[in-house]
Amino acid sequence: MASHFDVAAYALGTLDARGTEAFEGHLASCANCQVELFELQELPGLLDTVAETWPDAPVRGAVIYGLPTKRRRFQHLGAATAAAVLVFLSGAVTAIGFLGWDGADPPAASEPPTALTRLDPVAEEPGGVRGSLESSTSHAWVETTPEGSRIALDLGGITGSTPCSAVVVSRAGETTEIALFDPPKKGERVVVSGTTPYPVAQIDRVEVRRVSSGKIITTLKAPEK
Amino acid sequence: MTERAEWTESRQSAMLPRVGRHTRAVRPVAVVPDDPKDEWVRQLYRQFANQLSAHVLGLTKYDRQWTEDVVQETFIRAWKHADKLDQRPEMLRGWLFVVARRIVIDTHRGRQVRPIEIRGTDIAEDRVGVSDKADSTVDAIVVHDALRRISADQREAIIETYLKGHTVDEAAVLLGIPPGTVKSRTYHAMRALRRALRARG
Ligand SMILES: [Zn+2]
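From a predicted model like this one, the values you see are computed outputs, not experimental measurements.

(A) Representation of the overall build of chain A within the structure. Counting secondary structure elements, chain A contains four helices and ten strands. The helix and strand sequence of chain A, counted from the amino end, reads α-α-α-α-β-β-β-β-β-β-β-β-β-β. When burial is assessed residue by residue, chain A has 57% of its 225 residues classed as buried. Accessible surface, chain A: about 8,900 Å² in total, of which carbon and sulfur atoms supply 55%.

Okay, here's the thing in structure tokens:
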């Protein structure tokens, strides 16, 4: 039978078909293993890199995480204070560089969201920057993609030690989780991004929730036009 | 340049219906029409297909066909485990998301046509929170370093399975130890690598 220990082999994909099925049965009712999988999910990719040069060290700057040939920086669209710069690859899925934070302590996360500016619609083209959302501590940039929209979040005031999720709520009340992440070290900000099936105009807000309790930590809201 | 080609395709697919509006039935429903699990998996599909599709699209870099296949396979597996699945929404969602990621990676291995990296940028996608600079090469160096420092037994478990492409059972035979031991050593090794990454801060 599958046990908690199988979670690492499952994350690596080294269980055979029977072992995989057995573990997925275990995972069906084991919250611990679900959380562990989220925590371990970056390791297979990093081990791929390690494997390329093993036993030598990976060559710095070589490879895979290939920087875009064409970059576009997101402008700070709202009253942005964080020195976060999001670098998007040409088109769809992207890399993000977090270049720093201006050093000020972020305000407490429990403050109510403040009003923000929604940009006027620009041309309906993929990759177009379409809007921004804000709370008192955080900013979000939204762009159009062929599938809906892509949202990058620069979050401040996220505390605690257990995983959080960023959930996009549409105006129709549907939700899409776009990112799962660990809270950063105290006083630091965290940058996450993800995609939604909703067009920009249908996005109502982004909620950052504690995964374990579902409690909303902060809400980034767009006002009615 | 592969990037560009894919992006062009994505633009064309903008004309297709939006994600999550699939009308196609989940396969098991047709196979076993009277099973009470059918209605359950239909409801599950209605509740989560949208967000799961959006999540998987990010992993497949907007490959719609691949995404649909992965989503469908995920629900088929959910159907298989219907009796075991904890019915709380967060548990169901968590299960669907992690299983779908597993399926994406596994199906990617068999797909030579369209190279995709479930690493680096994709990881940054979901979990930039763990690393300030999102410099995955540095992360790989940290993992390399940690892999050299963990116990020989644990390192061997990782190398004989993941790095050499063997299953746990195959590695157990090669190493002359029980499969359970391979799995627990793998587990402790992975936790150690994860700790090293977190400690990098
Ligand atoms: Zn478990």
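(B) Looking closely at the overall build of chain B. Helix and strand counts for chain B come out as ten helices and zero strands. When the helices and strands of chain B are read in sequence order from the N terminus, they spell out α-α-α-α-α-α-α-α-α-α. Residues counted as buried form 57% of the 201 residues belonging to chain B. Within chain B, contacts between residues separated by at least 24 positions form 65% of all contacts whose residues are at least 6 apart in sequence. As displayed, chain B has an accessible area near 9,100 Å², and 52% of this comes from carbon and sulfur atoms.

(C) Examining the coordination of the zinc ion more closely. Residues and elements named next belong to chain A. On the protein side, the zinc ion has His4 (ND1), His26 (NE2), Cys30 (SG) and Cys33 (SG) as donor atoms, found 2.0 to 2.3 Å from it. Sequence spacing among the residues donating to the zinc ion works out to H-x21-H-x3-C-x2-C. We note that His26, like Cys30, is buried.

(D) Looking closely at the confidence of the model for chain B. Per-residue pLDDT for chain B averages 77, and the proportion of residues at 70 or more is 69%. In this model, residues 1-32 of chain B is a region of pLDDT below 50 whose contacts with residues beyond four sequence positions or in other chains number 59 contacts.

(E) Structural detail: the side chain of B:Arg77. If you trace the backbone, B:Arg77 turns up in helix 4 (residues 64-80). Residue B:Arg77 is classed as buried on the basis of its relative accessible area of 16%. The residues contacting B:Arg77, other than those within four sequence positions of it, are A:Thr20, A:Glu24, B:Trp95, B:Val99 and B:Ile103.

(F) The arrangement of the nonpolar core in detail. Ranked by size, the top nonpolar core spans 68 residues in total, and within it A:Phe23, A:Leu27, A:Leu47, B:Phe75 and B:Met190 carry the most contacts. What A:Leu47 contacts, discounting residues up to four positions off in sequence, is A:Leu12, B:Val143, B:Leu147, B:Ile158, B:Tyr162, B:Leu163, B:Met190 and B:Leu193. Membership of the second largest hydrophobic core comes to 23 residues, among which are A:Ile158, A:Cys164, A:Ile178 and A:Ile217.

(G) Expanded view of the UniProt feature "domain: Putative zinc-finger" (unreviewed entry) in chain A. Feature annotation in UniProt assigns "domain: Putative zinc-finger" (unreviewed entry) to the following positions: residues 8-34 of chain A. The span residues 8-34 of chain A is 74% helical and 0% strand by assignment, and the distance between its end C-alpha atoms comes to 11 Å.

(H) Summary view of the packing of helix 4 (residues 43-53) of chain A against helix 7 (residues 136-149) of chain B. Across the interface, helix 4 of chain A lies against helix 7 of chain B with an axial gap of 9 Å and an inter-helix angle of 80°. Comparing the axis directions of helix 4 of chain A and helix 7 of chain B gives the class roughly perpendicular. Here A:Leu43, A:Leu46, A:Leu47, A:Thr49 and A:Val50 of helix 4 of chain A come into contact with helix 7 of chain B, specifically with B:Ser136, B:Asp139, B:Ala140, B:Val143, B:His144 and B:Leu147. When the residues that make up the contact of helix 4 of chain A with helix 7 of chain B are grouped by side-chain class, the tally is seven nonpolar, three polar and one charged.

(I) Examining the environment of A:Thr175 more closely. Examined against the element boundaries, A:Thr175 turns out to sit in strand 7 (residues 175-181). With a relative accessible area of 28%, A:Thr175 lands in the partly exposed category. With 30 residues separating them in the primary sequence, A:Thr175 and A:Arg205 have C-alpha atoms 9.7 Å apart. Discounting residues that sit within four places of it in the chain, A:Thr175 has contacts with A:Val167, A:Val168, A:Val169, A:Tyr198, A:Arg209 and B:Gln51.

(J) Geometry of helix 7 of chain B. Residue and element names in this part refer to chain B. Taking 1.5 Å per residue, 14 residues should reach 20 Å; helix 7 reaches 20 Å between its end C-alpha atoms and fits that length. Extensive coverage of helix 7 is indicated by the burial of ten of its 14 residues. Of the residues making up helix 7, those classed as buried are Ser136, Thr137, Val138, Asp139, Ala140, Val142, Val143, His144, Ala146 and Leu147.

(K) Seen up close, the pairing of strand 10 (residues 216-221) of chain A. Residues and elements named next belong to chain A. Where strand 9 (residues 203-210) lies against strand 10, five bridges are found, and the strand directions are antiparallel. Bridge pairing in strand 10 links Val206 to Leu220. Counting the residues between successive antiparallel strands, the hairpin from strand 9 to strand 10 contains five residues, one of them, Gly214, with a positive phi of roughly 80°.

Rules of the game
Residues numbered from 1 in each chain as written. Chains lettered and ligands numbered in written order. Predicted model: local features only at pLDDT ≥ 70, side-chain atom pairs only at ≥ 80, totals over all residues. Heavy atoms only, no water. Helix = DSSP H or I, 4+ residues; strand = E, 2+ residues; numbered from the N terminus. Buried < 20%, exposed > 50% of the residue type's maximum accessible area, 1.4 Å probe, protein only. Areas by Shrake-Rupley, 256 points an atom, 1.4 Å probe, with all protein chains shown as cover. Contact = heavy atoms within 4.5 Å. Donors = N, O, S within 2.8 Å, 3.2 Å for Na, K, Ca; no water. pLDDT = per-residue confidence, 0-100. Core = buried A, V, L, I, M, F, W, Y, C linked by side-chain atoms within 4.5 Å. UniProt positions renumbered as here; feature names shortened; annotations may be inferred. Axes fitted to C-alpha atoms, helices over the stretch in contact; angles between N-to-C directions. Parallel < 35°, antiparallel > 145°, perpendicular 65-115°, else oblique. Nonpolar A, V, L, I, M, F, W, Y, C, P; charged D, E, K, R; others polar. Expected span 1.5 Å × (residues − 1). Pairing = 2+ DSSP bridges.

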